[in-house]
Amino acid sequence: MSEFATIFWVLAGLTLMGMASAWTGLLLSLKGDVLSGDVIAHGVLPGIALSFIGFESKEIYYLMPGALLSGWLTLEARDWLVRQAGIRSDTASAMALSVSYGLGIVGMSYIRYGGKGSQSGLDRFLFGSAATILPEEILFSSLLMVLILGIILFKWKEIFLIYFDKDWARAVGFNPNRADRLLTLMTLICVVTGIQMAGVVLMSSFLIAPAVVASIFVRHFYQRVFFVALVSAVAVFAGSWTSAFFSNMPTGPWVVVYLSLMAFGGMVWRRIFRHSV
Amino acid sequence: MASNEIISNALEIHSLTVRYGNTIALHQVNASLKVGEMVALVGYNGSGKSSLMKAILNLTPFEGRITAWGKSVSEVLSKVAYVPQRAAVDWKYPATVKDIVSMGRYQPGLFTQRTSSEDAKAVDSAIVQAGLQDLQHRMIGELSGGQQQRVFIARAMARQADLFLMDEPFAGVDMKTEDAIFDILQSLQKQGKTLLIIHHQIDQVIKYFEQVWKLQEGKLETGSVEAILGQRNK
Amino acid sequence: MMDALWILITACLVAVVCALPGSLLMLKRQSLMGDAIAHAALPGVFLAFFFSGDRSPAYLIPGAALSGWGAAQLSSWLIRKQNLGSDAALGLVFTFLFAVGVILISFFARQIDLDLDCVLYGDIVWIPLERFYVDTTDMGPLAVWILSGTLLLFCLMLWKGWKGWYLTTFDPLFAQAIGFNIGAWNSLLMGMVSLATVVCFRSVGSVLVIAFLSVPAATAALYVRQLKTQLIHACLWGVLSAFLGWVLALPLNISVAGGMACASAFCFIGVWFFTRKFLPSYNRSRSKSFG
């Protein structure tokens, strides 16, 4: 395949991933639970390690179900800590994500020392590398992203209503738990496909940062829907361009740097011009 | 004749008991609301006012039977409107007044629905009735407490329901807004709607209401304002 | 055999060094600050490597502690002045600093000998190999000395500033009213967390530091109501988790740090089960009030 085609595929996959994450992050910010992406991102590690030990394959189709499952379980563990053990949600997040990550590290070290072959290909899930991704993987991720876009398109009004006032929504017949599950599913898909490109730690920036930038510049939800997509697309393009310009540069971290700079720049701009939003 | 009378009640509560763990919030409560009645629900903090309202709306598990127009409340949800406490939501939410009022028209469904002209008409008339015409494109975070309360009432009115359940609509608003909100409630009553309103200030209840439900230690007394609250305040 | 013992000692020290500031963080509802600081130390680690050219802790610790502390200050600025939710602010700051760290490391990948694996995983197995010499006399692993020094410093700080910690943690409004500078105490705590993160990440990796900051503290908080007992019990649970992790990991040939994290989770679940079964009143008083 030509170099141009590779770049095109990577860019298309990253853009789709960025926009879907931005929208999911926007909905998460309505819910007031933006860190669930971070919890899931750290939580996929044991699933990846276990799937690898089980299937002895590094192909995404084998690793993905395990990653989804363990990410979901980690999030459930956090919610369990909040509901059943009376732990505050920030402490519960810290506990769930770090313990799950620890479990993942146990699995990884078992792979490394236990003669199960190299873990090197699995590292890609941790640090993310957009450049080494295969086109069919991007196609696969893109399909999932389209699924997310579909969910958003058909469900955003309901989600918008439910997260404004859960009690009221329940009183008029909506099911907030179903919305929670739907949003969790969207976050899971976003994180698990995004991690391959952005890495465990940086994934949450793709979710959080566009919504923060949008909250600085535009006030209304409808405006934010467009704005987060724009912000994320701009950052992806700028990041890809930078990493193509300097050799040996990872794309994901540059996208994150651009996203954060937009957020910080916007805040400074708002402070200087006393623009009240 | 007797069965006719039961069906004509907008709300019937039969031996309602609500527990949280080992604590009993409401014990064997019986009450009924006639169509077109406006009743204040009073009681001290923790007397179970909110629990009663949540039980009616099926937001909390309960024992007993609650019916509206002779049917279970979940069957006639579209005719019931709820106004929650203003403090229960995040007012920094990125929405305008009109967005929130429009939410009153959404129905649960598989896909997002388009707004019909009937919906638009209901929303507009709710906004006018609540006196929010000038504010309808403002962000809800910019509103004062009384205006936010009116947004909540308008959202309930947009549902064009027949039974209104309001949780502390007068909390934290000034005297003038209180009168304005009460005018809205009275106009609803004139349209033949039934209203049950949680109120925390006894003296205001005497000023505005005729019928009252009083909750004390999980027990309910019902009757006219004079009968229930009169002696103590004279 | 001696090495295994040194690993155990290191692990216990890590647990205690993290449990002390972790308890305070949890009581101040800032557990995720540990998360942010742990990730944000990366650019500091890089800069220290870049300027010193080696893994000497003399540069590494101040460098990473400073960048972690800076991250804490930046996020508290975002929360206070920019009206950002604390989770969004932290998420923004730590991903940014981590990304900067990754970029710097990949940019200078050929000049310096530092790989991300080591920062993210840590490797407690190598700890005994790095010795501390006084006049060519072998005094034991360097990390043990550093960790013990940090622990001593923490104990000193807690002892000397006990009233301040106590008041600013439980009743910040009252503390402020009688003249305590809440901001200063908060930055002091952030400094402690940064230091704990930095001295521990070589051993257990930057993510698992979060586990030792949060899990033993939460375990103790399940049944403890006093600050002093909270601190002591958090340390005890930390040490127990470290020991269990070590026992588990060495024969199975898996990562000690990961084993410690899992063991701390087992401890938490065990204690939760116990308190629920035998001290039900504790759980009830903690659960949300009904309305």
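For clarity, every value in this text was computed on a predicted model and none was experimentally measured.

K.L.:
When you look at the overall build of chain C in this model, what are you seeing that I'm missing?
P.N.:
A tally of regular secondary structure across chain C gives 13 helices and two strands. Expressed as a percentage of the 291 residues in chain C, the buried residues total 57%. In chain C, once contacts between residues fewer than 6 apart in sequence are set aside, the share between residues at least 24 apart is 71%. For chain C, the accessible surface area stands at approximately 12500 Å², while carbon and sulfur atoms represent 68% of it.

K.L.:
In this structure, what is going on with the sheet that holds strand β3 (residues 38-43) of chain B? I would like to understand it.
P.N.:
Two pairing modes exist for strands in a sheet, parallel and antiparallel, and in both the strands are linked by backbone hydrogen bonds. Residue and element names in this part refer to chain B. Judged by pairing direction, the sheet is mixed, and its six strands sit side by side in the order β6-β7-β8-β3-β9-β10 without closing on themselves. A single partner strand is all that each edge strand has here, and the edge strands are β6 (80-83) and β10 (219-224). The average angle at which neighbouring strand axes cross in this sheet is 15°, direction not considered. Bridging between β6 and strand β7 (residues 163-166) involves four bridges; their strand directions are parallel. If you follow Val 80 over to β7, its bridge partner there is Leu 163. Docked against the sheet, helix α2 (residues 49-56) engages β3, β6, β7, β8 (194-198) and β9 (211-216), running at close to 145° with respect to β8.

K.L.:
What should I look at first to understand the interface of chain A and chain C in this one?
P.N.:
When the parts come together, some accessible area is lost, and that loss is often what is quoted as the size of the interface. In this complex, chain A contributes 55 residues to the contact, which on the side of chain C involves 55 residues. Taken over both partners, the interface formed by chain A and chain C buries close to 4900 Å², and the fraction arising from carbon and sulfur atoms is 72%. Run the count over chain A and chain C and you get zero salt bridges. Taken together, chain A and chain C are joined by five residue pairs in polar contact (both at pLDDT 80 or more). Taken together, the elements giving at least two residues each to the side of chain A that touches chain C come down to α2 (36-55), α3 (60-84), α4 (89-113), α5 (120-127), α9 (203-217) and α11 (251-273) of chain A. Looking at which element gives the most residues to the side of chain A that touches chain C, the answer is α4 of chain A, with 17 residues. By residue class, the composition of the side of chain A that touches chain C is 34 nonpolar, 14 polar and seven charged.

K.L.:
I would appreciate a short explanation of the confidence of the model for chain B in the present structure.
P.N.:
If pLDDT is low for a region, its predicted coordinates should not be looked at in detail. Per-residue pLDDT for chain B has a mean of 82; in total, 93% of the residues score no lower than 70. Below a pLDDT of 50 lies the segment residues 1-6 of chain B, which in the model reaches one contact outside its immediate sequence neighbourhood of four places, other chains included.

K.L.:
What should I look at first to understand a nonpolar patch on the surface in this one?
P.N.:
Residues and elements named next belong to chain A. Taken together, Phe 217, Val 268, Trp 269, Ile 272 and Phe 273 make up a surface patch of nonpolar side chains, about 490 Å² in accessible area. Among the elements that make up the nonpolar patch, the one with the highest residue count is α11 (four residues). Along the polypeptide, Phe 217 turns up in helix α9.

K.L.:
What should I look at first to understand the state of the cysteines in this one?
P.N.:
A covalent bond bridging the sulfur atoms of two cysteines is what the word disulfide describes. Residues and elements named next belong to chain C. Across all of its chains, the model carries zero disulfides over all chains by this definition. Cys 200 carries a free sulfur, and the closest cysteine sulfur to it, the one in Cys 18, is 3.7 Å from it. Residue classification places Cys 200 among the buried residues on the basis of a relative accessible area of 0%. With no disulfide of its own, Cys 267 lies closest to Cys 262 among cysteine sulfurs, the gap being 11 Å. Cys 267 sits in the buried class, given a relative accessible area of 9%.

K.L.:
Help me understand the packing of aromatic side chains in this model?
P.N.:
Geometrically, a pair of aromatic rings is defined through the distance of the ring centres and the angle of the planes. Using the criterion set out here, one finds 21 aromatic pairs over all chains in the structure. Ring centres of Phe 164 of chain A and Trp 91 of chain B lie 5.8 Å apart, and the angle between their planes is 85°; on these two criteria the pair is classed as edge-to-face. With Phe 164 of chain A in helix α6 (residues 135-164) and Trp 91 of chain B in the loop between β6 and α3 (97-103), this residue pair bridges two chains. Neither Phe 164 of chain A nor Trp 91 of chain B differs from the other in exposure class; each is buried. Summarising the aromatic geometry, the rings of Trp 165 of chain C and Trp 185 of chain C are spaced 5.0 Å apart at their centres and angled 80° between planes, so their arrangement reads as edge-to-face. Of the two residues, Trp 165 of chain C sits in helix α7 (residues 162-170) while Trp 185 of chain C sits in helix α9 (residues 182-204), which places them 20 residues apart along the sequence. Across this residue pair, the class does not change: Trp 165 of chain C and Trp 185 of chain C are buried. Clustering of aromatic rings is evident, with ring pairs tying together Trp 156, Phe 160, Phe 164, Phe 221 and Tyr 222 of chain A together with Trp 91, Tyr 93 and Phe 152 of chain B. The ring of Phe 152 of chain B carries the charged tip of Arg 155 of chain B above its face, separated from the ring centre by 4.5 Å. Taking NZ or CZ as reference, Lys 160 of chain C lies 4.6 Å from the ring centre of Trp 159 of chain C, over its face.

K.L.:
I would appreciate a short explanation of the nonpolar core in the present structure.
P.N.:
Most often, soluble globular proteins have nonpolar side chains that are buried together. Among the nonpolar cores identified, the biggest contains 281 residues, and Leu 196, Phe 209 and Trp 213 of chain B together with Phe 268 of chain C are the most heavily contacted of them. In this structure Phe 268 of chain C touches Trp 80, Leu 81, Ala 85, Ile 87 and Met 95 of chain A together with Val 215, Ala 218, Thr 219 and Leu 222 of chain C, once residues within four positions along its chain are discounted.

K.L.:
Explain helix α5 (residues 145-158) of chain B here, please?
P.N.:
Three or four residues apart is the spacing at which side chains of an α-helix point the same way, because the helix has 3.6 residues per turn. Residues and elements named next belong to chain B. An ideal rise of 1.5 Å per residue puts 20 Å on 14 residues; α5 measures up with 20 Å between its terminal C-alpha atoms. Where burial is concerned, most of α5 is hidden: 12 out of the 14 residues are buried. If you check which residues of α5 are buried, you get Gly 146, Gln 148, Gln 149, Arg 150, Val 151, Phe 152, Ile 153, Ala 154, Arg 155, Ala 156, Met 157 and Ala 158.

K.L.:
Would you mind going over the environment of Tyr 208 of chain B with me for this structure?
P.N.:
Residues and elements named next belong to chain B. Residue position: Tyr 208 is located in helix α7 (residues 202-208). Residue Tyr 208 is classed as buried on the basis of its relative accessible area, which comes to 13%. In this structure the C-alpha to C-alpha distance between Tyr 208 and Asp 179, which are 29 residues apart in sequence, comes to 9.2 Å. Those residues within four positions of Tyr 208 in sequence are excluded, and the remaining contacts are Glu 178, Asp 179 and Phe 182.

K.L.:
So what exactly am I meant to see when it comes to the packing of helix α1 (residues 2-27) of chain C against helix α11 (residues 227-252) of chain C here?
P.N.:
Helices that pack against each other are described as a pair by the angle of their axes relative to one another and the distance between those axes. Residue and element names in this part refer to chain C. With their axes 8 Å apart at the nearest point, α1 and α11 run at an angle of 145° to one another. Considering how the two elements wind past one another, α1 and α11 form a crossing that is right-handed. In terms of residue class, the contact of α1 with α11 is made up of 21 nonpolar, three polar and no charged.

Calculation rules
Residues numbered from 1 in each chain as written. Chains lettered and ligands numbered in written order. Predicted model: local features only at pLDDT ≥ 70, side-chain atom pairs only at ≥ 80, totals over all residues. Heavy atoms only, no water. Helix = DSSP H or I, 4+ residues; strand = E, 2+ residues; numbered from the N terminus. Buried < 20%, exposed > 50% of the residue type's maximum accessible area, 1.4 Å probe, protein only. Contact = heavy atoms within 4.5 Å. Areas by Shrake-Rupley, 256 points an atom, 1.4 Å probe, with all protein chains shown as cover. Pairing = 2+ DSSP bridges. Axes fitted to C-alpha atoms, helices over the stretch in contact; angles between N-to-C directions. Buried area = accessible area lost by both parts, 1.4 Å probe. Salt bridge = Lys/Arg side-chain N within 4 Å of Asp/Glu carboxyl O. Polar contact = N/O pair within 3.5 Å; in protein donor to acceptor, adjacent residues only side chain to side chain. Nonpolar A, V, L, I, M, F, W, Y, C, P; charged D, E, K, R; others polar. pLDDT = per-residue confidence, 0-100. Patch = residues over 30% accessible without salt bridge, like charges linked within 9 Å, V, L, I, M, F, W, Y side chains within 5 Å. Disulfide = S-S within 2.5 Å. Phe/Tyr/Trp six-rings, centres within 6.5 Å; stacked < 30°, edge-to-face > 60°. Lys NZ or Arg CZ within 6 Å of the ring centre and 35° of its normal. Core = buried A, V, L, I, M, F, W, Y, C linked by side-chain atoms within 4.5 Å. Expected span 1.5 Å × (residues − 1). Left-handed = near helix turned anticlockwise from the far one by under 90°.

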